[in-house]
Amino acid sequence: MLLIPCPWCGKRPENEFRYAGQAHIARPADPASVGDEAWAIHLFLRDNPKGRHTERWRHIHGCGRFFNAVRDTVTDQFAGSYKSNEAPPA
Amino acid sequence: MPSPFSVLSLLSHATGRSWERQWRDAQPKPAYDTIIVGAGGHGLATAFYLAHEHGIRNVAVLDKGWLGGGNTGRNTTIIRSNYLQPESAALYEHALKLWETLSQDLNYNVMYSARGVLMLAHNHHDVQVFKRHVHANRLAGIDNEWLTAEEAKDFCPPLEIGGHTRFPVLGAALQRRGGVARHDAVAWAYARAASAMGVDIIQNCAVTGIYRGPDGAVMGVETERGPIAAGRIGVVAAGHTSVLMGMAGLRFPLESFPLQALVSEPVKPVMPCVVMSNTAHAYVSQSDKGELVIGAGTDAYTSYSQIGGLHVSSETLAAICELFPSFRRLRMLRNWGGVVDTTPDRSPIIGLTPIPGLFVNCGWGTGGFKATPGSGHIFAATIARGEPHPIAAPFSLDRFADGRLIDEAAAAAVAH
């Protein structure tokens, strides 16, 4: 079980959280002008990297808030977490 | 080339002749007609059918580890074809028909055992969904039948169906032709048959890059053991497909998750069939060695770690103990994880890519083993002809843009 660093509550066990997929995927600003290919990219294409991954979590059984985290997908070690409106750390 | 297996060869080997190696551990040549990346069941089956049905024998199957060491050797060996949508039913039924004669076709005992797959319904929603599956399957000519709870108990005596349990059994869908096979033997059988026809199986040879020519078409791969040229490349790399596609500059609608399985200590025969419970999230069968083979769920997050969280398998074991109280005192012998590549609609992607000469067979998610022969068969035809096999055509990458998704979230028994 992962120990996940919530930016508001600190490190808490994984079963207090819901995973919410890759972070920083923005819905197209003007959906009506976007074609099928761009919609497919927005809805379905994901980086799925082997290594550093920026991802969203929600502390559903805690503060209830969404936040972003950086995790290595090989070791599952978290490099840190940050608030949803912030840019990922370098 | 190894001699065929027969009663006579068994007798002669029983009197002291040692068994010869069943397939060549080949060294890479500078060039091949076709390279298959991934020496699991699907990749080896693809190479076998390329050689056997299409006469394409100058083929190399590359693997970063050892043959059958990925998800082929890590799954729970369940075979069934009771998927909901017509496209999937055609795909998995094609595979099931090949399973029925595979041992004879390959002259290798893959231990296919049609002992029946029982899928339990624990609530009203399950009942409705499974009955819909039963009807859809029967319309497609695929066997699947509805059993009452008492009939399910008759079919699988150790099952607890009483009304006071945490997961009461309201009925079950049974596919009698479903069952299990020996997963390692499937890889070995295809490797042996393909190798005998000239296919090179090259282990410990990770692909690190994909070469493309000025016209954009693939020219070969860079590997740990040097460059290898080929005009056609088929990627059958399961959880690592995104990594390989990234080498060719492509993003894919895939996410990789760890999926766990575990086995108990071996006991005498107690479990006559395969039982799956999507709601309680457990599935179990008994191997011929006597171990209970138990499948757990995926972790919530993407990972390449080949290890799942202990709480995931603990939840599965808790459910198994509720459904089979007689298993409560069994000890677990070992557990492990595999990295599965899941698609948004829980159906595989089989076919061409935007890059000429680059083919892909991926996205089998949590249920690829059952499709091994059919997957290899239609993927070989797709590579040989340069266009999708009719059964593979609906599973193209294009479906994510044109919206013709094949939603099997309910039939893929692992919730994720």
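About the cut-offs
- Residues numbered from 1 in each chain as written.
- Chains lettered and ligands numbered in written order.
- Predicted model: local features only at pLDDT ≥ 70, side-chain atom pairs only at ≥ 80, totals over all residues.
- Heavy atoms only, no water.
- Helix = DSSP H or I, 4+ residues; strand = E, 2+ residues; numbered from the N terminus.
- Rg over C-alpha atoms; globule rule 2.2 N^0.38 Å.
- Buried < 20%, exposed > 50% of the residue type's maximum accessible area, 1.4 Å probe, protein only.
- Contact = heavy atoms within 4.5 Å.
- Areas by Shrake-Rupley, 256 points an atom, 1.4 Å probe, with all protein chains shown as cover.
- Lys, Arg positive; Asp, Glu negative; His and termini not counted.
- Charge placed at Lys NZ, Arg CZ, Asp CG, Glu CD.
- Axes fitted to C-alpha atoms, helices over the stretch in contact; angles between N-to-C directions.
- Parallel < 35°, antiparallel > 145°, perpendicular 65-115°, else oblique.
- Left-handed = near helix turned anticlockwise from the far one by under 90°.
- Salt bridge = Lys/Arg side-chain N within 4 Å of Asp/Glu carboxyl O.
- Expected span 1.5 Å × (residues − 1).
- pLDDT = per-residue confidence, 0-100.
- Pairing = 2+ DSSP bridges.

Caption draft 1: Geometry of the overall build of chain B. Broken down by element type, chain B carries 10 helices and 18 strands. Since a compact globule built from 416 residues should have a radius of gyration of about 22 Å, the 21 Å found for chain B is in line with a globular shape. Principal axes of the C-alpha set define a box for chain B whose edges measure 70 × 60 × 40 Å. Residue burial in chain B is summarised as follows: out of 416 residues, 61% are buried. Long-range contacts, defined here as pairs at least 24 residues apart, represent 75% of the contacts in chain B between residues at least 6 apart. Total accessible area on chain B is roughly 16200 Å²; 56% of this is exposed by carbon and sulfur atoms. Here chain B carries 34 positive and 35 negative side-chain charges, and the mean point of each set is 4 Å from the other.

Caption draft 2: Summary view of the overall build of chain A. In terms of helices and strands, chain A carries 1 helix and 6 strands. Counting from the amino terminus, helix and strand elements in chain A follow one another as β-β-β-α-β-β-β. If one aligns the C-alpha atoms of chain A with their principal axes, the spans along those axes are about 40 × 30 × 25 Å. Of all 90 residues assigned to chain A, the portion counted as buried reaches 37%. Sequence separation of at least 24 residues holds for 48% of the intrachain contacts in chain A that already meet a minimum separation of 6. As displayed, chain A offers around 5100 Å² of accessible surface, 50% of which is attributable to carbon and sulfur atoms.

Caption draft 3: Spotlight on the packing of helix 3 (residues 86–106) of chain B against helix 6 (residues 183–196) of chain B. Residues and elements named next belong to chain B. Axis separation between helix 3 and helix 6 bottoms out at 10 Å; the angle between their running directions is 45°. With respect to helix 6, the axis of helix 3 lies oblique. Note on packing geometry: the crossing formed by helix 3 with helix 6 is left-handed. Facing Trp99, Leu102 and Leu106 of helix 3, the residues of helix 6 in contact are Val186, Ala189, Tyr190, Arg192 and Ala193.

Caption draft 4: The arrangement of the pattern of salt bridges in detail. Residue and element names in this part refer to chain B. Using the criterion set out here, one finds 16 salt bridges over all chains in the structure. For glutamate 100, the salt bridge goes to arginine 177, with nearest N and O atoms at 3.1 Å. Of the two residues, glutamate 100 is situated in helix 3 and arginine 177 in the loop between strand 6 (171–175) and strand 7 (179–180); the sequence distance between them amounts to 77 residues. Residue glutamate 100 is classed as partly exposed on the basis of its relative accessible area of 37%. Look at the salt bridges and you will find they share partners, linking Glu93, Lys97, Glu100, Asp143 and Arg177 into a network.

Caption draft 5: Summary view of helix 6 of chain B. Residue and element names in this part refer to chain B. Its 14 residues give helix 6 an end-to-end C-alpha distance of 20 Å, which sits within 8% of 20 Å, the value for a rise of 1.5 Å per residue. Within helix 6, the full set of buried residues consists of His183, Asp184, Ala185, Val186, Ala187, Ala189, Tyr190, Ala191, Arg192, Ala193, Ala194 and Ser195. Turning to helix 6, the residues buried within the fold contact helix 2 (41–54), helix 3, strand 8 (200–202) and helix 9 (372–385). Immediately beyond the C-terminal end of helix 6, within one or two residues, lies glycine 198, with a positive phi of roughly 110°.

Caption draft 6: Seen up close, unusual backbone geometry. A positive phi is found at A:Asp76, a non-glycine position, where the angle reads about 65°. Here A:Asp76 is to be found in the loop between strand 5 (66–72) and strand 6 (78–82).

Caption draft 7: Region of the structure containing the confidence of the model for chain B. A residue-level look at chain B finds 98% of positions with pLDDT of 70 or above and a mean pLDDT of 95. Reported confidences for the modelled complex are a pTM of 0.96 and an ipTM of 0.96.

Caption draft 8: Layout of the sheet that holds strand 4 (residues 52–58) of chain A. Residue and element names in this part refer to chain A. With antiparallel pairing, 4 strands are arranged side by side in an open sheet as 3-4-5-6. Bordering the open sheet on either side are strand 3 (18–22) and strand 6, each of which pairs with just one other strand. Going across the sheet, the axis of each strand differs from the next one's by a mean of 30°, ignoring polarity. Relative to strand 5, strand 4 is paired through 7 bridges, and the arrangement is antiparallel. Looking at the pairing, arginine 56 lines up with asparagine 68 of strand 5.

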